[in-house]
Amino acid sequence: MATLFRRRDRGTAAERGTGRRFFWLGGRRHVADAPYVLPSDDQEINRLDFQHYMLRYALRGNYAAPLNHPATILDVGSGTGRWAYEMAALFPETRIVGTDLVAPKPDASGPLPPPNYTFAQGNVLEGLPFPDDSFDFVHMRLLLFAISADKWPAVARELIRVTRPGGWVESIETGPQQHGGPAMDTLVGWITEASRRRSVDPLLGPHVASFFANAGLTSMVTRAISLPVGRAGGRLGNMAAADVFGVVAGVKPLVAGLGIADAQTYDSVLEAARADLDRHHCTLPFYIAYGQKPR
Ligand SMILES: C[S@@+](CC[C@H](N)C(=O)[O-])C[C@H]1O[C@@H](n2cnc3c(N)ncnc32)[C@H](O)[C@@H]1O
């Protein structure tokens with residue numbers, strides 16, 4: 001593992017200002033001092049933005065919980081801030097807070113952050129930087145590659161802690177792509193192995209709802225959807241394929257760095273999986289769960 005951290009990047013002034021350290025692996029920037037498996041760089045920002053629009057389209061909206069004029073909303077692991085910005089526009093009277101290890105990169109050509117949005121740097125594995133009962137709605141999407149497997153119960157309790165009694169917590173997680181054929185299964189196996197060596201289990205998606213239920217959420221609603229991956233799934237299928245291969249490419253340096261598969265072998269299996277896609281019926285699952293903090 002030590003070799004993975006050989007080249008530390010001092011980062012830009014803005015990055016240093018956040019106190020966050022990065023390291024580079026196979027040309028991709030990663031967050032140091034956290035188990036997070038995916039890169040944290042411009043390429044990943046593009047994938048996350050793209051994925052946000054794909055999910056909003058596939059899920060027909062940005063949330064599922066029955067919100068009623070929330071005064072405050074927290075987005076945990078807020079990434080590029082896209083979701084929070086859109087919620088800020090949708091609920092202009094609501095105070096929206098995003099929290100993440102890494103502050104969102106300012107978008108020089110994009111709109112300014114909405115006036116009712118703020119960012120607070122935080123590490124959900126170490127406790128959120130907010131008092132008890134602070135938010136009417138707490139949302140966390142796609143942190144499966146960020147949360148150590150044994151920390152899930154504590155993370156669920158932490159999200160509930162900062163939620164107001166009667167408020168809602170919503171989680172969206174994913175699982176590995178399924179029915180993609182043998183090459184895709186090989187990639188999934190390598191990515192799972194690399195993640196587990198960083199204490200993260202990417203197969204926990206279907207179990208996340210139970211962590212929240214065990215931590216005390218009531219009136220829980222769960223839903224699973226499977227997006228088609230590949231041309232047979234039309235435009236959504238093409239979007240899901242771009243997202244899947246974006247993740248697969250993003251984890252390659254880690255898989256190679258850990259000696260699980262060398263970069264050349266990884267590339268050839270990735271190309272085989274891409275070529276195979278339309279011969280199989282590959283799907284990408286998402287698991288949505290929401291519930292209420294008891295009054
Ligand atoms: C896959 S991205 C999802 C981003 C966003 N929720 C979305 O759906 O677009 C995961 C995010 O979690 C953040 N993250 C990773 N580890 C974290 C931690 N321990 N605490 C807070 N955020 C973390 C990463 O920096 C990244 O922005």
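Refer to the structure presented above.
In this text the structure is predicted, and so the values were computed from the model without any measurement. (Residues numbered from 1 in each chain as written. Predicted model: local features only at pLDDT ≥ 70, side-chain atom pairs only at ≥ 80, totals over all residues. Heavy atoms only, no water.)

A. Inspection of the environment of Gly-79 at higher detail. Within the fold, Gly-79 resides in the loop between β4 (72–76) and α3 (82–90). Put simply, Gly-79 and Leu-48 are 31 residues apart on the chain and 7.5 Å apart in space, counted from C-alpha to C-alpha. With residues near it in sequence (within four places) discarded, Gly-79 still touches Asp-100 and Pro-104. (Helix = DSSP H or I, 4+ residues; strand = E, 2+ residues; numbered from the N terminus. Contact = heavy atoms within 4.5 Å.)

B. Inspection of the sheet that holds strand β10 (residues 283–292) at higher detail. The strand order across the open sheet formed by 7 strands is β6-β5-β4-β7-β8-β10-β9, and the pairing between neighbours is mixed. This sheet does not close on itself; its edge strands, each paired only once, are β6 (117–121) and β9 (218–228). Going from strand to strand, the sheet's axes swing by 15° on average, the running direction of each strand aside. Pairing of strand β7 (residues 135–141) with strand β8 (residues 163–174), which is carried by 6 bridges, proceeds in the parallel orientation. Each bridged residue has a counterpart across the sheet, and for Phe-135 the counterpart in β8 is Thr-163. Strands in contact with helix α2 (residues 42–59) are β7, β8, β9 and β10; relative to β9, the strand with the most contacts, it is inclined by about 110°. On top of the sheet, helix α7 (residues 234–257) reaches β9 and β10; it is set at about 95° to β9, its chief contact. (Pairing = 2+ DSSP bridges. Axes fitted to C-alpha atoms, helices over the stretch in contact; angles between N-to-C directions.)

C. Looking closely at the site of the ligand. What surrounds the ligand is a group of 14 residues, the closest being Gly-77, Asp-100, Asn-123, Val-124 and Arg-141. In the model, a nitrogen atom of the ligand is placed 2.8 Å from a nitrogen or oxygen of the Asn-123 side chain. Protein burial of the ligand: of its 600 Å² of free accessible surface, 96% is covered by the chains. Grouping the amino acids of the shell around the ligand by side-chain chemistry returns 8 nonpolar, 4 polar and 2 charged. (Near = heavy atom within 4 Å. Polar contact = N/O pair within 3.5 Å; in protein donor to acceptor, adjacent residues only side chain to side chain. Areas by Shrake-Rupley, 256 points an atom, 1.4 Å probe, with all protein chains shown as cover. Nonpolar A, V, L, I, M, F, W, Y, C, P; charged D, E, K, R; others polar.)

D. Here's a closer look at helix α8 (residues 263–276). Between the first and last C-alpha of α8 there are 20 Å, a value that for 14 residues agrees with the 20 Å anticipated at 1.5 Å per step. Those residues of α8 hidden inside the fold are in contact with α5 (182–197) and α7. The N-cap of α8, judged by a side-chain oxygen 3.2 Å from the amide nitrogen of Gln-264 a few residues on, is Asp-262. (Expected span 1.5 Å × (residues − 1).)

E. Focus on the nonpolar core. Counting residues in each nonpolar core, the largest one holds 70 residues, and the members touching the most others are Leu-74, Met-140, Leu-159, Leu-187, Val-251 and Tyr-266. The element best represented in this core is α7, accounting for 10 residues. Each residue touching Leu-187, except ones within four places of it in the same chain, is listed here: Val-248, Tyr-266, Val-269, Leu-270 and Ala-273. Leu-67, Ile-96, Tyr-117 and Phe-137 belong to the second-largest nonpolar core, a separate cluster that totals 13 residues. (Core = buried A, V, L, I, M, F, W, Y, C linked by side-chain atoms within 4.5 Å. Buried < 20%, exposed > 50% of the residue type's maximum accessible area, 1.4 Å probe, protein only.)

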